[in-house]
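What follows is each chain in one-letter form.
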Amino acid sequence: PGSEISEVEGRGNINNVSLDMDFNSSSPQKETLAVKKWMKDFPFVLSATLNGGSISALYPYDYPPEGKYSTDDDDVFNELALTYAKEHMDMRNPDSCSDLDQYESGFVKTGGSYRPIKGSMMDFNYITHGCMEISFQISCHKFPFSSDLPDLWDDNKEPLLAFLGAVRMGVRGLVTDEEGNPVPNAKITIGGRESTVFRSTSRGEFWRLLRDNNYMLQVDAKGFSTKQQYITVTNPTSDDEWPNTFNVTLYRPNTTTSTSTSTSTSSSTTSRTVPKVNLTKPTDNTEKDDILDLASTSDVEAKSFPDWVLVVCSFVVTLNVLSHIL
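Residues numbered from 1 in each chain as written. Predicted model: local features only at pLDDT ≥ 70, side-chain atom pairs only at ≥ 80, totals over all residues. Heavy atoms only, no water.

Draft legend 1. Spotlight on the nonpolar core. Ranked by internal contacts, the top residues of the largest apolar core, which has 48 residues, are Leu46, Leu80, Ile134, Phe136 and Val175. In terms of residues, this core owes the most to one element, helix α3 (residues 74-85), which gives six residues. In this structure, this core is formed jointly by two domains, domain 1 (19-169 + 311-315) and domain 2 (171-249), each of which donates at least three residues. (Core = buried A, V, L, I, M, F, W, Y, C linked by side-chain atoms within 4.5 Å. Buried < 20%, exposed > 50% of the residue type's maximum accessible area, 1.4 Å probe, protein only. Helix = DSSP H or I, 4+ residues; strand = E, 2+ residues; numbered from the N terminus. Domains from an automatic or database assignment.)

Draft legend 2. Molecular detail of the sheet that holds strand β1 (residues 46-51). The sheet built from four strands is open, its strands ordered β1-β4-β2-β3 with mixed pairing. If you trace the sheet from one side to the other, it starts and ends with β1 and β3 (108-110), each paired once. On average, each strand axis in the sheet is tilted by 25 degrees relative to the strand beside it, whichever way the strands run. On the sheet, helix α5 (residues 121-129) packs against β1, β2 (54-59) and β4 (132-139) and is oriented at approximately 160 degrees with respect to β4. (Pairing = 2+ DSSP bridges. Axes fitted to C-alpha atoms, helices over the stretch in contact; angles between N-to-C directions. Contact = heavy atoms within 4.5 Å.)

Draft legend 3. Representation of α5 in the model. Among the residues of α5, those classed as buried are Met121, Met122, Asp123, Phe124, Asn125 and Tyr126. If you follow the buried residues of α5, they end up packed against α2 (30-41), β1, β2, α3, β4 and β7 (198-199). Two residues or fewer past α5, glycine 130 is found with a positive phi of approximately 70 degrees.

Draft legend 4. Quick look at the packing of α3 against helix α6 (residues 149-165). Closest axis-to-axis distance for the α3/α6 pair is 7 Å, and the angle between their directions is 145 degrees. Crossing of α3 against α6: the hand is right-handed. Facing α3, whose interface residues are Leu80, Thr83 and Tyr84, α6 presents Asn156, Pro159, Leu160, Ala162 and Phe163. For the contact of α3 with α6, the residue count by class is six nonpolar, two polar and no charged. (Left-handed = near helix turned anticlockwise from the far one by under 90°. Nonpolar A, V, L, I, M, F, W, Y, C, P; charged D, E, K, R; others polar.)

Draft legend 5. The pattern of salt bridges, seen in detail. In total, this model carries eight salt bridges according to the counting rule given. Salt-bridge contacts for aspartate 73 lead to arginine 193; the nearest nitrogen and oxygen are separated by 2.9 Å. Of this pair, aspartate 73 sits in the loop between β2 and α3 while arginine 193 is found in the loop between β6 (187-190) and β7, placing the two residues 120 residues apart along the sequence. Of the two residues examined, aspartate 73 and arginine 193, each falls in the buried class. The residue aspartate 73 makes a salt bridge to arginine 208 at a minimum N-O spacing of 3.1 Å. In this pair, aspartate 73 sits in the loop between β2 and α3 while arginine 208 sits in strand β8 (residues 205-208), placing the two residues 135 residues apart along the sequence. Taken together, the shared-partner salt bridges connect Asp73, Asp75, Arg193 and Arg208 into one network. (Salt bridge = Lys/Arg side-chain N within 4 Å of Asp/Glu carboxyl O.)

Draft legend 6. Main features of the packing of aromatic side chains. Enumeration over the complete set of coordinates arrives at nine aromatic pairs. Centroid distance phenylalanine 23 to phenylalanine 124: 5.4 Å. Interplanar angle 35 degrees. Geometry classified as tilted. In this pair, phenylalanine 23 is assigned in the loop between α1 (7-11) and α2 and phenylalanine 124 in helix α5, connecting sequence segments 101 residues apart. For the pair phenylalanine 23 and phenylalanine 124, a shared accessibility class is recorded, and that class is buried. Relative to tyrosine 126, the ring of phenylalanine 77 lies with its centre 5.3 Å away and its plane at 70 degrees, an arrangement referred to as edge-to-face. Of this pair, phenylalanine 77 sits in helix α3 while tyrosine 126 sits in helix α5, and the two are 49 residues apart along the sequence. Each of the two residues, phenylalanine 77 as well as tyrosine 126, counts as buried. Among the aromatic residues, those joined into a cluster by ring pairs are Tyr59, Tyr61, Phe77, Tyr126 and Phe198. (Phe/Tyr/Trp six-rings, centres within 6.5 Å; stacked < 30°, edge-to-face > 60°.)

Draft legend 7. Fine view of the pairing of β8. Of the two faces of β8, both are covered, the one formed by Glu205 and Trp207 as well as the one formed by Phe206 and Arg208. In the sheet, strand β5 (residues 171-176) pairs with β8 via four bridges, with the strands oriented antiparallel. Residue glycine 173 lies in a different strand from β8, and its bridge partner there is phenylalanine 206.

Structure, rendered in structure tokens:
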């Protein structure tokens, strides 16, 4: 389609339903059900959608569940958006779409501040699955001509690759029981970021995209005692560095807790079972011995964690690109 097609005419599927407003529907479309099943079967870490209408980056919330548009992960979303934008020639230029008055140009903002949308895929993925998704608006025209696609690809190829690399932010690891069996569906909570639930997969894998800082990590699972641990996240600065890795062992009540060594080669700590408390971010007065430094994970231990996460992230972005082009 070309840019002469109106936004209203171009948004709907064959049933004239806008799929990006269908994820909270009581009678969702077949396409929506397929994406929901896909998200459930393959836990994604990071996702991007490519759209037209402005040159900007939009992130959750499109429609806030509790009246505020920013999430607890607003700082992470900002950094992810900047990772893309700094590689894009026009995204940081506020006048990129100045010749088209009907389109609002911008840079980085929440989707709701741009145009509130109920039931968007971006909000659904983040709230339901903990997948951090950003909608990149890459054309001043809502529906660019097919002749524009080669230039759009050239403009966005490097930003997409940079965005893929951001999947290594934060912390990842495995949740297992005292016998080394994976613990699925464990709740992963970071102090000060409790509004969205992140859970371990059926294989016990977990990840949480975070910026450099100190955090309180809490892991809860049915039938196990709560585990809490201060962690320090220092994100990779080169392609040769691996993400921070921290494997968590959960113990059933009345089971003797043993000393466990983290995947960090720089320090080891005694993991302990503690009662549930209100989580707060570590202060500057936190003793150094209580901080688990994850910056220097060894090659053997870091690489033992499957790097399919990068492949999956690449897969979802590639499909989004193809769906936009086709």
